[in-house]
Amino acid sequence: MEPDSTVYKTLLESTKAIPWKIDWSSMQFTYIGPQIEQLLGWAPESWKSADDWAMRIHAEDREAVVNFCISQSKAGADHEADYRALTRDGEHIWIRDVVHVVRNEDGSPNALIGFMFDITERKKTEARLIELQKELEALSYRDGLTNVANRRMFDSALEVEWANAVSSRAPLSLIMLDIDYFKQYNDRYGHIRGDECLKQVARILSETATRSRDFFARYGGEEFVLILPECDEKAALQVAQRCRNLIIDAAIPHASSQVAETVTISQGVATIVPSPMDQRIEFLELADRRLYRAKQLGRNCIAVDE
């Protein structure tokens, strides 16, 4: 029967985990599993000292990983470290090093024994999950039908721009827009074409948010909203007029409209230089009342007062 040490060595070298041992006093490898060559391309005999290990860590990870492992080892604490190990052909593989500190009777380190694990696939999965999480977060702020920002994102954007306007004492304008007689559009053409109409209107109106901080969103149903930071009433009225003209120019048929033969929009425009005493919700309600006023005036128009 084989000695126990030979059995253990055979078992260790048949696993995917790569065993290794470093003598603390000399910082020399006294053993590293032959699997290391298949994984990284570096032959076992090339792993002579801890310096060889350190220099085969990706430059962006090296300092933090080495400092962490040294400090933990000096403290006699077992530890783990994830890092990118360089392969002989210049690529990199994610490694998890699990380290056990063998201590002398006085508690000082005697040797380090560990296992290296290839966690590249796990890291790819983690990165993909993070990417998916970001995509889901982005989707949560986007209207599923029109693909423009949704009400949730609008609320966040208005909060930010309101705070900026209060701080800078700059004007802030808001345009509330509503497709005229949209219920009648759905009744006549059906909801599928109604959805297409919403998509087309959203695409057209989003073109009016031309500055970097201009913000366009679907507010709900057939209503949309534009936030125009640092924009006075005169400039906001010009944007609203452009919105109206673009929709008219699109000439989307609407035989059931009572104001035109094509789709039109009604708009309410509100502008404020907010003070700390003003309320954001009241500003939003003001724009909404002016939108209602535009409908009272016969639709297909812009209201800047109540």
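Residues numbered from 1 in each chain as written. Predicted model: local features only at pLDDT ≥ 70, side-chain atom pairs only at ≥ 80, totals over all residues. Heavy atoms only, no water.

Quick word on helix H4 (residues 59–74)
Filter applied, for reference: A run of H or I in DSSP counts as a helix once it spans at least four residues, and a run of E counts as a strand once it spans at least two, with each numbered from the N terminus. To estimate the expected span of a helix, subtract one from its residue number and multiply by 1.5 Å. Whether a residue is buried, partly exposed or exposed follows from its accessible area with a 1.4 Å probe, protein chains only, as a fraction of its type maximum: under 20%, in between, or over 50%, in that order. Here a residue-residue contact requires only that any non-hydrogen atoms of the pair lie within 4.5 Å.
If you check H4, its first and last C-alpha atoms are 23 Å apart, about what 16 residues at 1.5 Å a residue would give, namely 22 Å. Listed in full, the buried residues belonging to H4 are Asp61, Val65, Val66, Cys69 and Ser73. Taken together, the buried residues of H4 touch helix H3 (50–55), strand S3 (79–86), strand S4 (92–103) and strand S5 (109–118).

Observations regarding the state of the cysteines
Going by this rule: Working definition: a disulfide is two cysteine sulfur atoms within 2.5 Å of each other.
Scanning the model with the defined rule gives zero disulfides in all. Free of any disulfide, cysteine 197 has its nearest neighbouring cysteine sulfur in cysteine 243, separated by 15 Å. The structure places no disulfide on cysteine 301, whose sulfur is separated from the nearest cysteine sulfur, that of cysteine 243, by 14 Å. Overall, cysteine 301 belongs to the buried group, its relative accessible area being 17%.

Digging into the side chain of asparagine 186
Relative to the helices and strands, asparagine 186 resides in helix H7 (residues 182–189). Once residues lying within four places of it in the same chain are set aside, the contact partners of asparagine 186 are His191 and Gly194.

Description of the packing of H7 against helix H8 (residues 191–206)
To keep it simple, the criterion reads: A fitted line through C-alpha atoms represents every axis, and for helices the fit uses only the stretch in contact; the resulting angles, taken between N-to-C directions, go from 0 to 180 degrees. Small angles under 35 degrees read as roughly parallel and large ones over 145 as roughly antiparallel, with 65 to 115 read as roughly perpendicular and the rest as oblique. Note on residue categories: nonpolar means Ala, Val, Leu, Ile, Met, Phe, Trp, Tyr, Cys or Pro, charged means Asp, Glu, Lys or Arg, and polar means any other residue, Gly included.
Put simply, H7 and H8 touch, their axes get as near as 7 Å, and they point 135° apart. By the angle between their axes, H7 is oblique relative to H8. For the pair H7 and H8, the contacting residues are Phe182, Tyr185, Asn186 and Tyr189 in the first and His191, Arg193, Gly194, Cys197 and Leu198 in the second. Residue classes in the contact of H7 with H8 are distributed as five nonpolar, three polar and one charged.

Some details on the pairing of S3
We apply this condition: Two strands pair under a simple rule: DSSP has to find at least two bridges between them.
Judged from the eight bridges that link them, S3 and S4 form a sheet pairing that is antiparallel. Within S4, the residue paired with tyrosine 83 across the bridge is isoleucine 95. Hairpin connection, S3 to S4: the antiparallel pair is bridged by five residues, and glycine 90 has positive phi, about 90°.

Focus on the sheet that holds strand S10 (residues 302–303)
Taking strand neighbours across the sheet as the criterion, the five strands line up as S7-S8-S6-S9-S10 in an open arrangement whose pairing is mixed. In this open sheet, the two edge strands, each paired with only one partner strand, are strand S7 (215–220) and S10. The sheet contact formed by S7 and strand S8 (residues 223–229) spans five bridges and is antiparallel. Bridging from a neighbouring strand, alanine 217 pairs with valine 225 of S8. Packing of helix H9 (residues 233–250) onto the sheet brings it into contact with strand S6 (172–179), S8, strand S9 (265–272) and S10, and relative to S9 it is tilted by some 165°.

Points about the packing of aromatic side chains
To describe a pair of aromatic rings, one takes the distance between the centres and the angle between the planes. Definition in use: Classification of ring pairs rests on two measures: the distance between centres of Phe, Tyr or Trp rings, Trp counted by its six-membered ring, which must be within 6.5 Å, and the angle between planes, read as stacked under 30 degrees, edge-to-face over 60 and tilted in between.
Considering all chains together, one arrives at nine aromatic pairs under this definition. Ring geometry for phenylalanine 115 versus phenylalanine 117: centroids 6.3 Å apart, planes at 35°, classification tilted. With relative accessibility at 30%, the residue phenylalanine 115 sits in the partly exposed group. When the ring of phenylalanine 182 is compared with that of tyrosine 185, the centres are 5.9 Å apart and the planes differ by 5°; the resulting orientation is stacked. One end of the pair, phenylalanine 182, and the other, tyrosine 185, are both in helix H7, three residues apart, so they sit about a helical turn from each other. The two residues phenylalanine 182 and tyrosine 185 agree in class, both being buried. Ring-pair connections join several aromatic residues into one group, and the members of that group are Trp20, Phe29 and Trp47.

Some words on the pattern of salt bridges
Here is the rule we go by: When a carboxyl oxygen of Asp or Glu is within 4 Å of a side-chain nitrogen of Lys or Arg, the pair counts as a salt bridge.
For the structure shown, the criterion picks out 15 salt bridges. Residue aspartate 155 pairs with arginine 151 through a salt bridge whose shortest N-O separation is 3.2 Å. Linking aspartate 155 with arginine 151, this pair stays in helix H6 (residues 151–168), spanning four residues, or about one helical turn. What makes aspartate 155 partly exposed here is its relative accessible area of 35%. The shortest N-O distance in the salt bridge between arginine 213 and glutamate 161 comes to 2.6 Å.

Quick notes on the packing of H6 against helix H10 (residues 280–296)
The cut-off we apply is this: Helix crossings fall into two classes, left-handed where the near helix is turned counterclockwise from the far one by less than a right angle and right-handed where it is turned clockwise.
Contact geometry for H6 and H10: axes closest at 11 Å, N-to-C directions at 115°. If you check the angle between H6 and H10, you find them roughly perpendicular. Along this stretch, H6 crosses H10, giving a crossing that reads as right-handed. For the pair formed by H6 and H10, the contact residues are Phe154, Leu158, Glu159 and Trp162 on the first element and Arg280, Phe283 and Leu284 on the second. Residues belonging to the contact of H6 with H10 are distributed by class as follows: five nonpolar, no polar and two charged.

Observations concerning the UniProt feature "domain: GGDEF" (unreviewed entry) in the protein
Stated formally: UniProt positions are given in the numbering used here, feature names are shortened, and annotations may be inferred rather than shown by experiment.
Mapped onto the present numbering, the UniProt feature "domain: GGDEF" (unreviewed entry) falls on residues 170–306. Helix makes up 43% of residues 170–306 and strand 23%. Its end C-alpha atoms lie 23 Å apart.

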